Amino acid sequence: FPYGIFISVLESCLMSYREGWSPRDYGRGGGSRGAGPGFDYPRRDRAYDSYDRPPREPREFPYGGRGRGGRGDRPERGGYGRGGGGGRGGRSLSLREQEDVRISQVGRACLANFFTVRLRNSEYYSYRMEVYPEVDARSLRRSLLRKKLATLPFLFDGQNLVILSKKLASSEDNPDNASYEDVSGVRYKVSLRHVRNVNSSSPSELQRQVLALVVDSAVSKLKLQKIGKSFFDPETRIDVHEHNMRIFTGFEATILGGKGGVFLQADLIHKIINTSTVLNMMEDIARRMPNRGAAYEEEVKKAVIGKIVLTDYNQKSYRVTDVDFSKGVRDTFPRRINKEGETEATSFCQYYSEVYKRHITDFRQPLLVCTRRKSSLFLVPELCLLTGMTDAMRSDFKVMKAVAQHTNKAPLMRLKQIYEMVEKLKSSKDAQSVLNEWGMDITGDWAQVRGRALPGQSITFAGGKSVEVDTRRVNWKDSLTKSVFSGDVQRIAKWAFVTTKQLLDEGVANLVLDRMTEDGSGLGVEFRQDRLSLFIVEGRGSAEDFQETIRSMLTREHEVEPFDVVVALLPDNNKVRYRTVKRELAHLEIVSQCCVAKQMKKDFGKLRSVTTNILLQIRAKLGKPLWKVNNVRDSCAVIGLSIHRSLNSGRTRLGMAGSIDAGMSQYFSIAHEPEPGSTINDSLPAVVALAAHQYSAGNDGIVPRTMVVFREGVSEAELEILKHEEVPEMQKGFALTYEDVRPEDYPKLVVVCLLRGKKTRLFQVDNGRADNPTSGFVVDDVITDSANSEFYLTSQGSCPGTLSPVRYRVVYNDPHSGMSLQDIEKLAYQLTHMYYNFAGTVKMPAPVLYASRCLSFHDDCAIPYSEDSKLMDKLYYL
């Protein structure tokens, strides 16, 4: 691949975007007698070069300013001024400081994975497809549509939307263009009702949907393998035999509108497919739980439900919604045997043997259930491959390292492969035929955008020490562990330590206890040996053994004198044991901390580092902040909302985390499930009222001036519903809390959504290199929606792969909130510093992560939802 030409093209794109850059910068020379305008000729070795400086009016140069009169200092020390005797200027900043000042003032040009799209002024016709009897299968609906339209080209979304380039002729007797089509002996009535006309050059949601269908149709013409709904290049398949997996690289493209026009957003995607089957995974669980009772069935369901499986006999993917242990592969189902619709009872074994030549060997296996709308499909675990990463794979360092080697693409490599894919799309005759037919042309020009680098934040640790965060590193782990918490120590009144007899005999438990009691005070949490209760788990240390110890001995003592915290030293990272311990202690409303002895045994020299992390996490779980960001917005409460839909029950649940103090360093959290028959919208007033009450209670009854809600997991299709339904419900919550406050004095509401969807990539290309943006890089122009307040924020620091910024959309901003888009950008960036599970910046605001983590904790450990728990003001789920 011609890297030199490729990089030259990218750099020329950026060069053309730097408008009117001048080789000179105007400064002002200062002298002892008068001052005059002077010219600053920068040295060639500075961060700004001949093409890196915009023209400006004469003004005082902020760094290295110096002046000279008729005669004066050296040229590299100053400008040539007019006036009296010259004086030397101030200190010249370092190259990095000069670059930071320049970027904050004028921005930085970069590339995005967006490509310009040209549209011809074409007219499309939108139809709604109806089929009777009802059909859910997309393939059958497409087949019926193809028979009806014959050779007429069409676009189809798989459900009801049909787009035609020519309008169908209709009559008064048949306004819906109804016809009858026969498929497999069944007669279907197919009708197409005209809805509206769509102009390709008129921006609208339907226009983007139509263009996205055009792109999907064009991509399908490439020589790619379809796995599920996405397309992957079979030539890129990588077999990782030692971990029983295959990795495919694919191409993902969609259409997005922005201030700069219509763009094709293109990115690489990866599909990880296990070469072992779902049955192999069930057998692994059975080896750990040989009795195959109710606990075994529950564990299988937890491992399988919600996962995407691939049936390798037809390369189709399905989402598992249940596991039916009452059915087996010898059970029968009615199978159609002729076009007249006659059926006969056929077992699953017989069906797969006759149709796909696959012989089932295990006759005891249950069946997987995949529910789609109103129909259910049964799959055989032995013939299904798991896609994605399992919990066991994620906890295996060697597996994650092998996956990262092939999926964590460096920015330059990702640029190259995206460029190759787009060129393949442009050079394919079949794909171009589709694009031309629908009046669309992909230019191949990268979107050139200008972003701004937000300044690095200052944080203060609980002990009082402050540090400036470097936007290139954004990690303060070393400073945190070296800081002293002497003025703010959390003293533990009573605590418990739970471990096995084997770990106690080996001495691991005593080492952990010694380190915790010796180092605790210096890290802000004091453990005393005389307030310790030690519980020894008998037996093999299984999940049942730990459960019995907690329910018998620990619970009795807790009822006499409650424990503040319980530390459990586990033999290994067995998920069942971990969930059992967390669930039992959460039922008792005790903060718990689990640690794994297996990791400590590998290297006792790192024991102090491990216990340091444990002590810091315990302090955070008890609701004591580890650090805070300085200069946050005054009188502002923040809320994070995370809403998930359960694949098991179909119920929707809500996680919420809100700030308690004015410094946004303390949070409370709840996990909430609406009553049967109610919706999330019905719960929003009470949730917002609780957040307002907690903030006022933590700030001497003060009513916050503004309340900013960050809502996670929203698609573009849901934005209008959220704006017109959820926002009014949130506003009702203020009246529930502030009964004695006038409505005009209620907090001013701001609602910001974190949009999900295709990943945006930003690249900074310079001097033959492509890099990730620095932390705090914001883009709010060109590729953002022109009709809404929107921005992209990269908050994380450097990483081995390519970073993906989070897309924020301001859905509602009270006119009296006093918050501009720049204020919201700054607040979002500051909150990414406040996640106490990591001493660095995270991808999204901390309240959103706390809300999501709280909800996941309740789901994973099967803990009941409660809004009045004693743990509400503690981060017990970290």
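Every value quoted in this text rests on a predicted model; they were computed, and no experiment measured them.

Visitor: What am I meant to see in the packing of aromatic side chains here?
Guide: Working definition: an aromatic ring pair is given by the centre-to-centre distance plus the angle between the planes. Taken as a whole and assessed by the stated rule, the structure comprises 22 aromatic pairs. Ring centres of phenylalanine 333 and phenylalanine 348 lie 5.1 Å apart, and the angle between their planes is 40 degrees; this geometry places the pair in the tilted category. Of this pair, phenylalanine 333 sits in strand β16 (residues 332-336) while phenylalanine 348 sits in helix α7 (residues 348-355), and the two are 15 residues apart along the sequence. Relative to tyrosine 850, the ring of tyrosine 835 lies with its centre 5.2 Å away and its plane at 40 degrees, an arrangement referred to as tilted. Of the two residues, tyrosine 835 sits in the loop between α21 (821-831) and α22 (846-860) while tyrosine 850 sits in helix α22, which places them 15 residues apart along the sequence. Residue tyrosine 835 shares its accessibility class with tyrosine 850, and that shared class is buried. Clustering of aromatic rings is evident, with ring pairs tying together Tyr313, Phe333, Phe348, Tyr351, Tyr352, Tyr356 and Phe378. Positioned above the aromatic ring of phenylalanine 378, the side-chain terminus of lysine 327 is 5.5 Å from the ring centre. Across the ring face of phenylalanine 363, the terminal group of arginine 330 is positioned such that the distance to the ring centre comes to 4.2 Å.

Visitor: Whenever I open this one, the pattern of salt bridges confuses me. Can you help?
Guide: Opposite charge on two side chains makes pairing possible when the charged atoms of those side chains draw close. Applying the stated criterion across every chain, the model contains 37 salt bridges. Here arginine 551 ties to glutamate 584 by a salt bridge, and the two come within 3.0 Å at their closest N and O atoms. With arginine 551 in helix α15 (residues 543-560) and glutamate 584 in helix α16 (residues 575-587), this residue pair connects regions lying 33 residues apart in the sequence. Residue classification places glutamate 584 among the buried residues on the basis of a relative accessible area of 8%. Note that arginine 742 is salt-bridged to glutamate 744, the shortest N-O span being 3.6 Å. On the basis of relative accessibility, which here comes to 48%, the residue glutamate 744 falls in the partly exposed class. Each member of the salt-bridge network shares a partner with another, and the members are Glu716, Asp785, Glu790, Arg807 and Arg809.

Visitor: Is there a simple way to explain the packing of α15 against α16 in this structure?
Guide: Close contact between α15 and α16 brings their axes to 8 Å; oriented N to C, the two are set at 15 degrees. The orientation of α15 relative to α16 falls into the category roughly parallel. Like other packed secondary-structure pairs, α15 and α16 cross with a definite hand, here right-handed. Here Ala543, Phe546, Gln547, Ile550, Arg551 and Leu554 of α15 come into contact with α16, specifically with Val576, Arg577, Thr580, Val581, Arg583, Glu584 and Leu585. Here the residues of the contact of α15 with α16 are counted per class, giving seven nonpolar, two polar and four charged.

Visitor: Explanation requested: the pairing of strand β22 (residues 458-461) in the structure shown.
Guide: Where a strand is regular, its side chains alternate between the two sheet faces. Of the two faces of β22, the one carrying Ser458 and Thr460 and the one carrying Ile459 and Phe461 are both buried. Sheet topology places β22 next to strand β23 (residues 466-468); three bridges connect them, and they run antiparallel. Paired with serine 458 across the strands is glutamate 468, a residue of β23.

Visitor: Hey, could you run me through the sheet that holds strand β30 (residues 627-629) in this one?
Guide: Taken in spatial order, the three strands make up an open sheet running β23-β22-β30, and their pairing is antiparallel. Either end of the sheet is taken by a strand with one partner, and the two such strands are β23 and β30. Geometrically, the sheet is characterised by an average inter-axis angle of 25 degrees between neighbouring strands, direction not taken into account.

Visitor: For this particular structure, what's the right way to read the confidence of the model for the protein chain?
Guide: Keep in mind that low pLDDT regions are not for reading the predicted coordinates in detail. In the predicted model, the protein chain carries a mean pLDDT of 79, and the fraction of residues at 70 or more is 84%. Here residues 16-106 scores under 50 on pLDDT; set against residues more than four positions off or in separate chains, the count is 161 contacts.

Visitor: Can you help me understand unusual backbone geometry in this one?
Guide: Trans is the prevailing form of peptide bonds, just as negative phi is the prevailing case for residues other than glycine. For asparagine 244, which is not glycine, the phi torsion reads 55 degrees and is therefore positive. Despite not being glycine, valine 782 has its phi angle at roughly 65 degrees, a positive value. With respect to the helices and strands, the residue valine 782 is situated in the loop between β38 (777-779) and β39 (789-794). The exposure class assigned to valine 782 is buried, which follows from its relative accessible area of 15%.

Visitor: Help me out: how do you make sense of helix α18 (residues 607-621) in this one?
Guide: Spacing of three or four residues puts side chains on the same side of an α-helix, whose turn is 3.6 residues. Taking 1.5 Å of rise per residue, 15 residues should cover 21 Å, and α18 covers 21 Å from first to last C-alpha, within 8% of that figure. Most of α18 sits out of view: eleven of its 15 residues are buried. For α18, the full list of buried residues reads Leu607, Thr611, Thr612, Ile614, Leu615, Leu616, Gln617, Ile618, Arg619, Ala620 and Lys621. Count one or two residues on from α18 and you reach glycine 623, which has phi positive near 90 degrees.

Visitor: When you look at the pairing of strand β40 (residues 806-813) in this model, what are you seeing that I'm missing?
Guide: In terms of burial, β40 is largely enclosed, as six of its eight residues are buried. By the bridge criterion, six bridges tie strand β35 (residues 748-755) to β40 in an arrangement that is antiparallel. Bridge assignment links leucine 755 to a residue of β40, and that residue is arginine 807. Here β39 pairs with β40 via five bridges, running antiparallel. In the sheet register, glutamate 790 faces β40, and the bridge partner there is arginine 809.

Visitor: Would you mind going over the packing of helix α14 (residues 508-519) against α18 with me for this structure?
Guide: Between two packed helices, the angle of one axis relative to the other and the distance separating the axes together describe the packing. With their axes 10 Å apart at the nearest point, α14 and α18 run at an angle of 60 degrees to one another. It follows from the interaxial angle that α14 and α18 lie oblique. Both α14 and α18 take part in a crossing whose hand is right-handed. Along its contact with α14, which presents Leu511, Val512, Arg515, Met516 and Asp519, the element α18 presents Leu607, Arg608, Thr611, Leu615 and Ile618. A class-by-class count of the residues in the contact of α14 with α18 yields six nonpolar, one polar and three charged.

Rules used in this analysis
- Residues numbered from 1 in each chain as written.
- Predicted model: local features only at pLDDT ≥ 70, side-chain atom pairs only at ≥ 80, totals over all residues.
- Heavy atoms only, no water.
- Phe/Tyr/Trp six-rings, centres within 6.5 Å; stacked < 30°, edge-to-face > 60°.
- Helix = DSSP H or I, 4+ residues; strand = E, 2+ residues; numbered from the N terminus.
- Buried < 20%, exposed > 50% of the residue type's maximum accessible area, 1.4 Å probe, protein only.
- Lys NZ or Arg CZ within 6 Å of the ring centre and 35° of its normal.
- Salt bridge = Lys/Arg side-chain N within 4 Å of Asp/Glu carboxyl O.
- Axes fitted to C-alpha atoms, helices over the stretch in contact; angles between N-to-C directions.
- Parallel < 35°, antiparallel > 145°, perpendicular 65-115°, else oblique.
- Left-handed = near helix turned anticlockwise from the far one by under 90°.
- Contact = heavy atoms within 4.5 Å.
- Nonpolar A, V, L, I, M, F, W, Y, C, P; charged D, E, K, R; others polar.
- Pairing = 2+ DSSP bridges.
- pLDDT = per-residue confidence, 0-100.
- Expected span 1.5 Å × (residues − 1).

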